[in-house]
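Survey of secondary and tertiary structure
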Amino acid sequence: MLDLQTIKKLNDKQAGFFRFKKFENDNYLLTNDIGHYIFLPETDFKKYIHGRLDKKSKLYQKLKQKLFIKDEDYLKNFIWQYRQRNSFLKYGPSLHIVVVTLRCNHRCIYCHASAATCKDKKYDMDLKTAKLVVDTIFKSNNNAICIEFQGGEPLLNWPVVEFIINYAQEKNKLEKKNLIFRLVSNFTLLDQKKMNFLMTNEVNFCTSLDGDESTHNYNRIFTDGNSYKETVKWIKKINQAYKDKYKGKKKNYYRVGALITVTRKTLANYKQVIDTYIKLGFRNIYLRYLNPFGFALQAKEKIWYNPKEYIDFYKKAFDYILEKNYQGRHFYESMAATYLRKILNQEEPNNLDFRSPCGAVIGQLAYNYNGDVYTCDEGRMIARMGGDEMFKLGNIKKNSLEELINNDLCKSVCFASCVDGLPGFSENVYKPYLGICPVYNYSVHGNIFPAMKNNFRWQIDEAIVEYLFTKLQNRKNQDIFQEWVKKSKPPIPK
């Protein structure tokens, strides 16, 4: 083990900035702010920090290429790559979450949105508000625009969904933005006519699928029928319609997307959950952990777990997925793929929850049924829970997009979600890959800044990244992970 005196002898004229951590196999992991990484055995690590590496060696050249070695171009290359990695900062919000209704025909045990009952039509967006929402969205300076219909169950307010799609398409004839739509639905109110309209307008379908029938129905309560069977029925029907329509073209883009929320019920059933996704033809699964919003807080005894329980579950599920890949089945875990794109490609994927600063305001906006605008969907959830408008930016009936974005709340959220300089991150070897959710921190700790030691989310995220680096030391895994990175990049629709 290196002692402090050895570290103090660092040759900072040759060694570029880095963070490091020793692994159990005596390899040292080094990372830098660009996101490059390298593993070094202790002997090479000592030579590196003391400036004694042979400059003609492959290791020296590799370290130089990854900007761990200073040369005459070090600062120029570092700045350029840092700028590229953070290029998202120059664009306005691209994801626009539109809550067309808070009503829902499910009573999911973990509902983060605190959905209202089907009878509460006062929670529906009207056409006048919908028009203002679209007008506001198109004022974003981002050329890529995604309008995502959320709820509640958005199909309960179908006329507004239909209007927004038609109106946005009409506006885009002039604006010519890269416009896409996404419907997040439980599918139980879908019919052939609605499906045909959505497919004609190339709306992406996304649903919640919590795994096998037992797990799904436990989490997602549907009093009017079997939630699992209804969801699976439409997954198969939509995917078949895509296949018939495109006949192999665009096959990597047009297919139903699904999201799982992991509850205590999921922990022991991870194999059944993954097998269900594979059987239904999905190419990935996102093992999303619970968030402290909405009904999830009221059902702690039934569905929650501690960080160690989730991490143990994740590792077992991850290893099971890896085993499937060893057997020739191309299937990946989406959270891992997000981190691997950062680690292997030094890129910042458009996953707004794992970014620094996060995607709140500068990457996304959430429009409530009444025109209220929030930093993100999670910020809206906080307001729905108890009327706390901490993350409300304003209302489209009163405020312009410039007023919604250029305010102190936006600046505070960006500052609180930027990992640079925050305690617990500055010296953390995984700092280049981690992100922060200020809304999560506010919900749990009453403060938008993270309380690292007791932070449920931070413990899980760090453990997942560390597990990936453990796996990356195996050459066979590296090849599989490169394939995951390739497949996890969504193609741009034409």
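Higher on the page you've got the structure.
Presented here is a report on the structure given in the accompanying data block.

Moving on to the pattern of salt bridges. Per the counting criterion, the structure on display carries 27 salt bridges. Its salt-bridge partner being glutamate 170, residue lysine 173 comes within 3.2 Å of it at the nearest N-O pair. With lysine 173 and glutamate 170 both in helix H6 (residues 158–175) and 3 residues apart, this pair spans about one turn of that helix. When its relative accessible area of 57% is taken as the criterion, lysine 173 is described as exposed. The class of glutamate 170 is partly exposed, set by a relative accessible area of 47%. With a shortest N-O distance of 3.5 Å, arginine 475 and aspartate 479 are connected by a salt bridge.

Across the sheet, 9 strands lie side by side as S10-S8-S7-S6-S5-S4-S12-S13-S14; this open sheet has mixed pairing. The open sheet has two free edges, formed respectively by strand S10 (287–288) and strand S14 (392–395), since each of these has just one partner strand. Here strand S8 (residues 257–261) pairs with S10 via 2 bridges, running parallel. Its bridge partner lying in S10, isoleucine 260 is registered against leucine 287.

Right, let's get into unusual backbone geometry. The omega angle of the peptide bond from glycine 151 to glycine 152 is 10°, so this bond is cis rather than trans. As for its position among the elements, glycine 152 is in the loop between strand S5 (144–150) and H6. Geometrically, the link from serine 356 to proline 357 is a cis peptide bond, its omega value of -10° lying close to zero. Looking at the element boundaries, proline 357 is found in the loop between helix H14 (334–345) and strand S12 (364–367). Residue aspartate 26 is not a glycine yet carries a positive backbone phi of 70°. Its location among the elements puts aspartate 26 in the loop between strand S1 (19–22) and strand S2 (27–31). On the basis of relative accessible area, aspartate 26 is assigned to the partly exposed category, the value being 42%. Despite not being glycine, glutamine 346 has its phi angle at roughly 50°, a positive value.

Considering all chains together, one arrives at 39 aromatic pairs under this definition. For the pair phenylalanine 318 and phenylalanine 481, a centre-to-centre distance of 6.0 Å together with 55° between the ring planes defines the contact as tilted. Taken as a pair, phenylalanine 318 in helix H13 (residues 307–326) and phenylalanine 481 in helix H20 (residues 475–487) lie far apart in primary sequence, 163 residues in all. Each member of the pair phenylalanine 318 and phenylalanine 481 is classed as buried. The ring of tyrosine 218 has lysine 265 lying over it, and the distance from NZ or CZ to the ring centre is 5.4 Å.

About the thresholds
- Residues numbered from 1 in each chain as written.
- Predicted model: local features only at pLDDT ≥ 70, side-chain atom pairs only at ≥ 80, totals over all residues.
- Heavy atoms only, no water.
- Salt bridge = Lys/Arg side-chain N within 4 Å of Asp/Glu carboxyl O.
- Helix = DSSP H or I, 4+ residues; strand = E, 2+ residues; numbered from the N terminus.
- Buried < 20%, exposed > 50% of the residue type's maximum accessible area, 1.4 Å probe, protein only.
- Pairing = 2+ DSSP bridges.
- Phe/Tyr/Trp six-rings, centres within 6.5 Å; stacked < 30°, edge-to-face > 60°.
- Lys NZ or Arg CZ within 6 Å of the ring centre and 35° of its normal.

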